[in-house]
Amino acid sequence: MRGLNKVTLIGNLGKEPEIKTLEGDIKVAKFSLATSESYKDKSGNLQTDTEWHNIVAWRKIADLAEKYLCKGSAIYLEGKLKTRSYEDKEGNRRYVTEIIAESFLMLDKPSDKAEINASF
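Rules of the game
- Residues numbered from 1 in each chain as written.
- Predicted model: local features only at pLDDT ≥ 70, side-chain atom pairs only at ≥ 80, totals over all residues.
- Heavy atoms only, no water.
- Helix = DSSP H or I, 4+ residues; strand = E, 2+ residues; numbered from the N terminus.
- Areas by Shrake-Rupley, 256 points an atom, 1.4 Å probe, with all protein chains shown as cover.
- Contact = heavy atoms within 4.5 Å.
- Polar contact = N/O pair within 3.5 Å; in protein donor to acceptor, adjacent residues only side chain to side chain.
- Pairing = 2+ DSSP bridges.
- Buried < 20%, exposed > 50% of the residue type's maximum accessible area, 1.4 Å probe, protein only.

Undergrad: Explain the overall build of the protein chain here, please?
TA: On a plain count of helices and strands, the protein chain comes out with 1 helix and 7 strands. Mapped in sequence order, the helices and strands of the protein chain form the string β-β-β-β-α-β-β-β. Seen through its principal axes, the protein chain has C-alpha atoms that stretch 55 × 45 × 40 Å. As displayed, the protein chain offers around 8500 Å² of accessible surface, 47% of which is attributable to carbon and sulfur atoms.

Here it is, written out as structure tokens:
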């Protein structure tokens, strides 16, 4: 049986994309994306839960993120989950779950940025 690893999010960037260029001129962009869900509690008060997601974009998607995305940008994002581990300074094993971006669509009204559908 084959599996499916697919993530679809609509949210807002929590910070400017952090761009790095690696060996071989490979570009990577990292940013956080906030998704919010609203509901009424038992008292009828509106409550909002916000979840933060770590996004990683590579190559052409990273180029587009660098050019067109900024803190607060509203986007529709598709990608896949990836968990990696590392050792911290104290030698403890840590795990990070990230979303590897496969495409995004800008949802903001066009302003000084061009509206673009970034799928590759």
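From this point on, the discussion continues.
Undergrad: What should I look at first to understand the environment of Arg93 in this one?
TA: Its place among the elements puts Arg93 in strand S6 (residues 93-106). Through-space distance from the C-alpha of Arg93 to that of Lys109 is 43 Å; in sequence the pair is 16 residues apart. Excluding residues within four positions of it along the chain, Arg93 makes contact with Ser85, Tyr86 and Glu87.

Undergrad: Can you walk me through the environment of Thr97 in this structure?
TA: Tracing the sequence through the fold places Thr97 in strand S6. Residues Thr97 and Leu46 lie 51 residues apart in sequence; the distance between their C-alpha atoms is 30 Å. What Thr97 contacts, discounting residues up to four positions off in sequence, is Asn54, Leu81, Lys82 and Thr83. Within the local environment of Thr97, its side chain forms a polar contact with the side chain of Thr83, the two groups lying 3.0 Å apart.

Undergrad: What is the right way to look at the pairing of strand S1 (residues 7-13) in this model?
TA: As a general feature of sheets, a regular strand has side chains that alternate between the two faces. Two elements, S1 and strand S5 (residues 74-87), share 6 bridges in a ladder whose sense is antiparallel. The partner of Ile10 across the bridge, within S5, is Tyr76.

Undergrad: Which parts of the structure should I look at to understand the side chain of Ser73?
TA: Locating Ser73 in the fold gives a position in the loop between helix H1 (59-68) and S5. Within the structure, the side chain of Ser73 is placed 2.9 Å from the backbone oxygen of Cys70, a separation counted as a polar contact.

Undergrad: How should the side chain of Glu98 be read in this particular structure?
TA: Mapped onto the fold, Glu98 is located in strand S6. Residue classification places Glu98 among the buried positions, given a relative accessible area of 9%. Within the structure, Glu98 has its side chain in polar contact with the side chain of Arg84 (distance 3.0 Å). Every residue in contact with Glu98, bar those within four places of it in the chain, is listed here: Asn54, Val56, Lys80, Leu81, Lys82 and Arg84.

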